[in-house]
Amino acid sequence: MDNTQITEKTISFVKQTLKDAEGGHDWFHIQRVFKNAMLIAKDYPQASPLVVALGALLHDIADSKFHKGDETVGGKMAEDFLTSLSVEPNVITQVVAIIDNISFRGGNFKQTFRSIELDIVQDADRLDAIGAIGIARCFNYGGFKNRKLYDPAISPNLQMTKEEYKKSTAPTINHFYEKLLLLKDRMNTDTGKKLAQRRHEFMELFLEQFYAEIDGER
């Protein structure tokens, strides 16, 4: 089986697995991350296109948020699937490493594993968490979890541990300060940084308008 066939079978697997997923983590999220990852990868010929493609396609195959916080489910599911396709063990190991290390996990979480493929896929995933799409996904997930839009009595917490971040029930607007506005400066690649700038500025404009409307300004 060649790389194109492996990628096509993976796309079919992901579409089927995530057909009932929450709107911010469904196939269309995966598709956007996949496209962004392949776009960024063009500027980094040292990266394995297959590892980038499979890492992007499988990065949210079993997001821990929807599996009682279990961060091992996604990697195991991806490993089992890729093994069934007889993908080379070295490729599988790299893809699982991407899945296990891609998440933000709070502002104070220190990532230890690095690879150019992870850098690319992580940037692509973070691009989908900011800008217009990021705003839409943020409020969609907040609604999914029945969180308040805004509460001035609950301030953003920038000192959360990984566990506190995972368990947070804060208003959705707080997530901009606890994650989304931090991502521009946490992009790994030069290409990712360039793409993130415009999306970051759009979020700043959104927040400016949001607070103007909260205050009743014309």
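Before any of the text, the structure's been laid out above.
Please read all numbers here as calculations on a predicted model, not as lab measurements.

Student: Lay out the overall build of the chain in plain terms, naming residues and giving numbers.
Tutor: Within the chain, the secondary structure is distributed over ten helices and zero strands. Of the regular secondary structure in the chain, the N- to C-terminal order runs α-α-α-α-α-α-α-α-α-α. Across its three principal axes, the chain shows a C-alpha extent of roughly 60 × 35 × 30 Å. Within the chain, the proportion of its 218 residues that are buried is 47%. Sequence-distant contacts, at least 24 apart, represent 68% of the contacts inside the chain between residues at least 6 apart. A total of about 11600 Å² of accessible surface is found on the chain, and carbon and sulfur atoms cover 51% of it.

Student: Before we move on, could you go through the packing of helix 7 (residues 131-144) against helix 10 (residues 190-214) and cite the residues and values that matter?
Tutor: Where helix 7 meets helix 10, the axes come as close as 7 Å, and the angle between the chain directions of the two elements is 55°. Taken together, the axes of helix 7 and helix 10 are oblique relative to one another. Every residue of helix 10 that contacts helix 7 at Gly 131, Ala 132, Ile 135 and Phe 139 is listed here: Arg 199, Phe 202, Met 203 and Phe 206. When its residues are assigned to classes, the contact of helix 7 with helix 10 shows six nonpolar, one polar and one charged.

Student: Quick one: what's the story with helix 10, residue by residue and with numbers?
Tutor: Its 25 residues place the ends of helix 10 36 Å apart at the C-alpha level, agreeing with the 36 Å of an ideal helix rising 1.5 Å per residue. Within helix 10 the residues assigned to the buried category are Thr 191, Gly 192, Ala 196, His 200, Met 203, Leu 207, Phe 210 and Ala 212. Of the surrounding elements, those touching the buried residues of helix 10 are helix 2 (27-41), helix 6 (116-127), helix 7 and helix 9 (174-178). Gly 216 lies just past helix 10 and shows a positive phi near 75°.

Student: For the environment of Asp 185, give the residues involved together with the corresponding values.
Tutor: Within the secondary structure, Asp 185 sits in the loop between helix 9 and helix 10. Asp 185 sits eleven residues away from Ala 196 along the chain, and the two C-alpha atoms are 8.9 Å apart. Within polar-contact distance, the side chain of Asp 185 engages the side chain of Lys 184 at 3.0 Å.

Student: Which residues make up the pattern of salt bridges, and what are the values?
Tutor: Under the defined criterion, the tally for this structure stands at seven salt bridges. Measuring nitrogen to oxygen at the nearest pair gives 2.9 Å for the salt bridge that ties Asp 80 to Lys 76. Taken together, the residues span about one helical turn, with Asp 80 and Lys 76 both in helix 4 (residues 73-84) at a distance of four residues. Here the salt bridges share partners, and the residues they tie into one network are Arg 32, Asp 128 and Arg 137.

Student: Tell me about unusual backbone geometry, residues and numbers included.
Tutor: At Ser 86, a position not held by glycine, the phi torsion is positive, near 60°. Relative to the helices and strands, Ser 86 is located in the loop between helix 4 and helix 5 (89-101). Look at Asn 146: it is not a glycine, yet its phi comes out positive at around 60°. Position of Asn 146 among the secondary structure elements: in the loop between helix 7 and helix 8 (162-167).

Student: Mind laying out the packing of helix 3 (residues 49-58) against helix 6, listing which residues take part and the relevant values?
Tutor: Each pair of packed helices can be described by the angle between their axes along with the distance between the axes. It is at 9 Å that the axes of helix 3 and helix 6 come closest, and there the two elements cross at 40°. Here helix 3 lies oblique to helix 6, going by the angle between them. Our pair here, helix 3 against helix 6, has a crossing hand that is right-handed. For the pair formed by helix 3 and helix 6, the contact residues are Val 51, Val 52, Gly 55 and Ala 56 on the first element and Glu 117, Ile 120 and Val 121 on the second. When grouped by side-chain class, the residues that make up the contact of helix 3 with helix 6 number five nonpolar, one polar and one charged.

The rules behind these values
- Residues numbered from 1 in each chain as written.
- Predicted model: local features only at pLDDT ≥ 70, side-chain atom pairs only at ≥ 80, totals over all residues.
- Heavy atoms only, no water.
- Helix = DSSP H or I, 4+ residues; strand = E, 2+ residues; numbered from the N terminus.
- Buried < 20%, exposed > 50% of the residue type's maximum accessible area, 1.4 Å probe, protein only.
- Contact = heavy atoms within 4.5 Å.
- Areas by Shrake-Rupley, 256 points an atom, 1.4 Å probe, with all protein chains shown as cover.
- Axes fitted to C-alpha atoms, helices over the stretch in contact; angles between N-to-C directions.
- Parallel < 35°, antiparallel > 145°, perpendicular 65-115°, else oblique.
- Nonpolar A, V, L, I, M, F, W, Y, C, P; charged D, E, K, R; others polar.
- Expected span 1.5 Å × (residues − 1).
- Polar contact = N/O pair within 3.5 Å; in protein donor to acceptor, adjacent residues only side chain to side chain.
- Salt bridge = Lys/Arg side-chain N within 4 Å of Asp/Glu carboxyl O.
- Left-handed = near helix turned anticlockwise from the far one by under 90°.

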